[in-house]
Amino acid sequence: MLRGLIVIGLLGILAGVFSGVVFRSLSDLPSIEALEEYNPSEASKVYSAAGDVIAEYYVERRTFVPFYRIPGYVKNAFVAIEDERFYRHHGIDLIGIARALLYDIKARRIVQGGSTITQQLAKLLFLKPERNISRKIKEAALSIQIEKRYTKDEIIGLYLNQAYFGTKAYGIEAASHTYFNKSTEELTLSEAALLAALPRAPSYYSPFKNPEEALKRRNLVLGKMLKLGYITEEEYDKAIKETLPIKVHRRRYKAPYFIEYLRDILEGRYSDSLYTAGLRIYSTLDMHMQEVAEKAVTNGVQKLDKRIDPGVQAALLAVDLETGEVKALVGGTDFWQTQFNRATQALRQPGSAFKPFVYLAALEKGFIPEDTIMDAEVGYPTPDNKDVWSPRNYEKQYNGEVTLRYALAHSLNSATVCLADTIGIGNVVRTAKEVGIRRKVKPYLSSAIGASEATLMDMVYGYATLAQGYRLKPLRQGYRS
């Protein structure tokens, strides 16, 4: 009698403890209304001027695909291996749990979890990756709520978009491109089976790291699909003969220097959203011009390498003179070896390329091309007034009195410095800034012949201003999401 009372008392205590755990677990249960605004982290895509995808920005490489665009055999592959009673249960599969428990007891360790696809979705979206009874209770409660609110197709669609498939691929669409370089709608039965094999242990079942285990599990998926009546014997025999993929299809994006330049601009505007919000970024890049530009830089450097020591670098920038749009940008000979962008970051003395800005400053002060200046060997005090500096012409010859037109056409150093001294170097500095030279031009006469550093981009847009008569700049608006 006493033993019976003790047992009943213990059972009551256990029931009370369990009830308390359940109550605490459910007291802070997340609201599944959040699924109404489901917005998974999605890669942002960069398009060329012609509308072709040329790069992606992402933390999790993911492209959302609606459930109605996922073929039935793809869904069935996952159901077969992950949750074969998916279409019959209401979020929790008691038979599956009992079977998993039996396997675990026989193996004396946890070998099967018994979680349904709905439970896995609840865990992925709402819960932390903890292993305790509280999380399992929450997982079960959320699964029941999800099943009441959403159709089976919607649930498996959400799961497939959220699951991780290894190799930095999040979601079925990214996985399809990563493993097979195609969209979800183009997958073969065998390919779908391999992807279904991955979520349980993406690294272990990776065809690139462990092809034997990947093949076994893929074939297991196909076998279960056959057993459940999802495929025919003929389809099974054909699918099981297909080989596994042998290489990862990572996007080694085109025009890398341009893409990184664009990234810097976009980060300033969108911050972390650039990598998670699935933006559609329509750039100005002309891929035909880009390919021609890259080839020109490569060929030019190869010719130089034959005459001088190897390792020379070069850059090229092409812009549309009507709009200022960047049409081609090459920042070096090989981005994958050096990411330093010599078109936008490298500071070099422009030398004689700077001289037209001096003559523009003179025209703005009222000079005309037929006005004359002296081209002679003249000494000018250095900025510290401790020495004298005399600019020299390239051919070391002087022409005396010459017109501005002649001096510019023949790139005369001495005459150009004389002109800068006449109009005031401050006016030259101001004009350089107005045409688009963002780097500060030092107020020294030597700057008149290109001693102050500038980037290639600044020089290109400075020359574009000369060509058009007004200042142009790279477009930084109009990005659409």
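Residues numbered from 1 in each chain as written. Predicted model: local features only at pLDDT ≥ 70, side-chain atom pairs only at ≥ 80, totals over all residues. Heavy atoms only, no water.

(A) Seen up close, the overall build of the chain. Of regular secondary structure, the chain possesses 17 helices and 9 strands. Pairs at least 24 residues apart make up 67% of the contacts formed inside the chain by residues separated by at least 6 positions. (Helix = DSSP H or I, 4+ residues; strand = E, 2+ residues; numbered from the N terminus. Contact = heavy atoms within 4.5 Å.)

(B) Expanded view of the sheet that holds strand β3 (residues 280–282). An order of β2-β1-β3 is seen for the 3 strands of this open sheet, with the pairing classed as mixed. Edge strands, defined here as strands with exactly one partner in the open sheet, are β2 (53–57) and β3. Between one strand and the next, the sheet's axes are offset by a mean angle of 25 degrees, whatever the strand orientation. Summarising the sheet, strand β1 (residues 44–47) and β2 pair through 4 bridges and their orientation is antiparallel. Bridge pairing links Ser44 to Tyr57 in β2. The strands touched by helix α11 (residues 256–270) within the sheet are β1, β2 and β3, with β2 carrying the most contacts at an inclination of about 45 degrees. (Pairing = 2+ DSSP bridges. Axes fitted to C-alpha atoms, helices over the stretch in contact; angles between N-to-C directions.)

(C) View of unusual backbone geometry. Phi at Asn181 takes a positive value of approximately 60 degrees, unusual for a residue other than glycine. In this structure, Asn181 sits in the loop between α7 (172–180) and α8 (189–197). Backbone geometry places Ser271, a non-glycine residue, at a positive phi of 55 degrees. Summarising the element assignment, Ser271 is placed in the loop between α11 and β3.

(D) Just the nonpolar core, in detail. Judged by nonpolar contacts, the single largest core of 47 residues is most densely connected at Phe78, Phe165, Ile172, Leu195 and Val221. Secondary-structure elements contributing two or more residues to this core are α2 (72–82), α4 (117–126), α5 (133–149), α6 (152–162), α7, α8, α9 (211–227) and α10 (233–239). At 7 residues, the largest contribution of residues to this core is made by α8. When residues no more than four places from it in sequence are discounted, the contact partners of Leu195 are Phe78, Phe165, Ile172, Ala175, Ser176, Tyr179, Phe180 and Leu187. Leu262, Leu285, Met287 and Val319 belong to the second largest nonpolar core, which has 30 residues in total. (Core = buried A, V, L, I, M, F, W, Y, C linked by side-chain atoms within 4.5 Å. Buried < 20%, exposed > 50% of the residue type's maximum accessible area, 1.4 Å probe, protein only.)

(E) Broad picture of the side chain of Thr284. Structurally, Thr284 is set in the loop between β3 and α12 (287–307). According to the relative accessible area criterion, Thr284 is buried, its value standing at 17%. A distance of 2.6 Å separates a polar atom in the side chain of Thr284 from the backbone oxygen of Val326. (Polar contact = N/O pair within 3.5 Å; in protein donor to acceptor, adjacent residues only side chain to side chain.)

(F) Main features of helix α17 (residues 456–468). With 13 residues, α17 extends 18 Å between its outermost C-alpha atoms, agreeing within 8% with the 18 Å of an ideal straight helix rising 1.5 Å per residue. Looking only at α17, the buried set comprises Met457, Asp458, Met459, Val460, Tyr461, Gly462, Ala464 and Thr465. Looking one or two places after α17, you find Gly469, whose phi comes out positive at around 90 degrees. (Expected span 1.5 Å × (residues − 1).)

(G) Representation of the packing of α2 against α6 in the model. For the pair α2 and α6, the least separation of the axes is 11 Å and the interaxial angle reads 85 degrees. If you check the angle between α2 and α6, you find them roughly perpendicular. Across the interface between the two elements, Lys75, Phe78, Val79 and Glu82 of α2 pack against Asp153, Ile156, Tyr159 and Leu160 of α6. Here the residues of the contact of α2 with α6 sort into 5 nonpolar, no polar and 3 charged. (Parallel < 35°, antiparallel > 145°, perpendicular 65-115°, else oblique. Nonpolar A, V, L, I, M, F, W, Y, C, P; charged D, E, K, R; others polar.)

(H) Spatial organisation of the pattern of salt bridges. One pass over the structure, following the stated rule, counts 13 salt bridges. Here Lys45 makes a salt bridge to Glu56, at a shortest N to O gap of 3.4 Å. Here Lys45 is found in strand β1, whereas its partner Glu56 is found in strand β2, with 11 residues between them in sequence. On the basis of relative accessibility, which here comes to 11%, the residue Lys45 falls in the buried class. For the salt bridge of Glu185 with Arg69, the shortest nitrogen-to-oxygen distance reads 3.3 Å. One end of the pair, Glu185, is in the loop between α7 and α8; the other, Arg69, is in the loop between β2 and α2, with 116 residues separating them in the sequence. On the basis of relative accessibility, which here comes to 44%, the residue Glu185 falls in the partly exposed class. (Salt bridge = Lys/Arg side-chain N within 4 Å of Asp/Glu carboxyl O.)

Limitation: the analysis is restricted to geometry and does not speak to function.
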